[in-house]
Amino acid sequence: MTIDYKQDILHFDNNNILEIAKSRQTPFYLYSESIIKNNYNSYSESFGDHSHNICYSVKANSNLSILSLLAKLGSGFDIVSGGELTRVLTAGGDPSKIVFSGVGKTQEEIIQALDNNIMCFNVESKDELNTINKIAKQKNKKANISFRVNPAINVNTHPYITTGMRDNKFGIDQSDILSLYKDASMLDGISIAGIDFHIGSQIMELEPYLESLVKIIAIVDDLDACGIPLKHIDIGGGLGISYEGEPIVDKSLYISEIIKIIGNRKLSLVIEPGRSIVGEAGLLITKIINIKESSTKSFVITDAGMNDMLRPPLYEAFHSIIEVVNTSTPKTSYDVVGPICETADFLGKDRKLSVSQGDFLAVENVGAYGFVLASNYNTRPKIDEYIISNNKVNKIRKRDTIDQILENEIKFL
Ligand code: LLP
């Protein structure tokens, strides 16, 4: 158990959360190094001797310490911007293990990636292919590319986080893919490396991956027959985590089923997991500012708001919220809301809690898409981040100051 109560005090990764919260300014994010390591290792141990690259998806949690921890474990990275590339390099990541995804890479970003000799561009359109080719030729280089195929698969997740359905902006239609590979094979600035797909995020079933892979493997075989052999297949990320106790797909089953379909083809396997590595490794610790009862509802008002944690309002995402001190007094049903002037500013609705003003709460499973989606809305500083490493709590990001928030603004009038 990585989270449990000992003598009614919440412990996370064996550390007393009350002690941690009392001596720090709330709200703050708190991560566990050991959970991240375990998740990474369960992926890496699943491949056996199959050639592979785990490219952690930086967008899920891009704190430099987390990237450096993963780089030291041997991870590669999936990036979607020049900013993410700079982060990975600053954290000590190996550029030859970086894949660059995204539908709108700018010329500047392509130049930066080529100058750093990344492993592969995951190309999303013919326009993008031509831009990469032009820039690579100017530099007398060959850019390694894969095409991202849209496998037109329906997945059961929130509509905002599907990416491989027919109408999504991502990927290239299967009907166009062969001719695009043939075009690419004629270009001097391009070296064809692989093929990729990504069907969405928070996926709780194995079948959509396997169904997509069967379609992609058929393309790989057709390409091979045309004299365009590929070196790798990138199956994206997207494996879900358990937010409400629901069963998850086992990482080693996922990898072994994929390897089975690849069969004896000489294809290295690339994966781009984000949430399934860091999601359950994070808590948001917040303090109750006020409790407010109206005639129809009771509210717990916390010092964390939607600017700190956007997933509940944006996706109606459920995150469990638990007391840091467990009391035996009867529980009341509360909407847990933040201090922001928006009705959408909630962390959770109808939660059974036994709490008073000044108590601490922990919001669970916020290691992925938590801090990275934070903003300065309502001119609120982005908050501190800490990581538990060898039973010590280390600060890995300082809270913004108001001066920092104002510093780039230009008072014109
Ligand atoms: N690769 C690509 C190309 C992606 O677009 C994504 C996520 C990943 C990998 C990593 O997926 P993961 O393993 O983390 O599911 N903000 C949303 C999630 C958006 C995911 C976008 N793409 C949320 O909070 O649920």
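The rules behind each value
- Residues numbered from 1 in each chain as written.
- Predicted model: local features only at pLDDT ≥ 70, side-chain atom pairs only at ≥ 80, totals over all residues.
- Heavy atoms only, no water.
- Domains from an automatic or database assignment.
- Contact = heavy atoms within 4.5 Å.
- Buried area = accessible area lost by both parts, 1.4 Å probe.
- Salt bridge = Lys/Arg side-chain N within 4 Å of Asp/Glu carboxyl O.
- Polar contact = N/O pair within 3.5 Å; in protein donor to acceptor, adjacent residues only side chain to side chain.
- Near = heavy atom within 4 Å.
- Areas by Shrake-Rupley, 256 points an atom, 1.4 Å probe, with all protein chains shown as cover.
- Nonpolar A, V, L, I, M, F, W, Y, C, P; charged D, E, K, R; others polar.
- Phe/Tyr/Trp six-rings, centres within 6.5 Å; stacked < 30°, edge-to-face > 60°.
- Helix = DSSP H or I, 4+ residues; strand = E, 2+ residues; numbered from the N terminus.
- Buried < 20%, exposed > 50% of the residue type's maximum accessible area, 1.4 Å probe, protein only.
- Expected span 1.5 Å × (residues − 1).
- Axes fitted to C-alpha atoms, helices over the stretch in contact; angles between N-to-C directions.
- Parallel < 35°, antiparallel > 145°, perpendicular 65-115°, else oblique.

Caption draft 1: Representation of the domain arrangement of the protein chain within the structure. We note that the domain assignment places domain 1 (3-31 + 279-406) and domain 2 (33-278) within the protein chain. Contact residues are listed per partner, giving 24 residues for domain 1 and 23 residues for domain 2. Approximately 2000 Å² of surface area, both sides summed, lies buried where domain 1 meets domain 2, with 55% of it carried by carbon and sulfur atoms. Its largest share of buried area at the contact with domain 2, domain 1 owes to Y315, F318 and Y369, together 27% of the area lost on that side. Viewed at the interface, domain 2 and domain 1 are joined by zero salt bridges. Across the contact surface, domain 1 and domain 2 share 12 residue pairs in polar contact (both at pLDDT 80 or more).

Caption draft 2: Here's a closer look at the site of the ligand. In the region of the ligand, 17 residues are neighbours, and S201, E272, R311, Y315 and Y369 sit closest. At a separation of 3.2 Å, a nitrogen atom of the ligand approaches a polar side-chain atom of D78. Interatomic distance of 2.6 Å between a side-chain N/O atom of Y369 and an oxygen atom of the ligand. Relative to its free-state accessible area of 590 Å², the ligand is covered by the protein chains to the extent of 92%. Its residues assigned to classes, the shell around the ligand comprises four nonpolar, seven polar and six charged. No fewer than three residues from each of domain 1 (3-31 + 279-406) and domain 2 (33-278) sit in the shell around the ligand.

Caption draft 3: Representation of the packing of aromatic side chains. What the rule picks out here adds up to eight aromatic pairs. With 5.2 Å between their ring centres and 80° between their planes, F28 and Y386 make a pair best called edge-to-face. With F28 in strand β4 (residues 28-32) and Y386 in strand β20 (residues 384-389), this pair connects stretches of sequence that are 358 residues apart. Y386 matches F28 in its accessibility class, with the two residues each being buried. Pairing Y29 with F371 gives two aromatic rings, centres 6.0 Å apart and planes at 85°, and the pair type is edge-to-face. Of this pair, Y29 sits in strand β4 while F371 sits in the loop between β19 (360-363) and β20; the two residues are 342 residues apart in sequence, bridging distant segments of the chain. One exposure class covers both Y29 and F371, and it is buried.

Caption draft 4: View of helix α8 (residues 207-225). Along its 19 residues, α8 runs 27 Å from first to last C-alpha, staying within 8% of the 27 Å computed at 1.5 Å per residue. Along α8, the positions that sit buried rather than exposed are P208, Y209, L210, S212, L213, I216, I217, I219, V220 and L223. Buried residues belonging to α8 abut β9 (143-150), α7 (174-185), β11 (190-196), β12 (232-234) and α9 (251-262).

Caption draft 5: Summary view of the packing of helix α4 (residues 82-90) against helix α5 (residues 107-115). One way to put it is that α4 packs onto α5 with a least axis distance of 9 Å and a crossing angle of 25°. Relative to α5, the element α4 is oriented roughly parallel. Two secondary-structure elements touch here, α4 through G82, L85 and T86 and α5 through E109, Q112 and A113. Looking at the contact of α4 with α5, its residues break down into two nonpolar, three polar and one charged.

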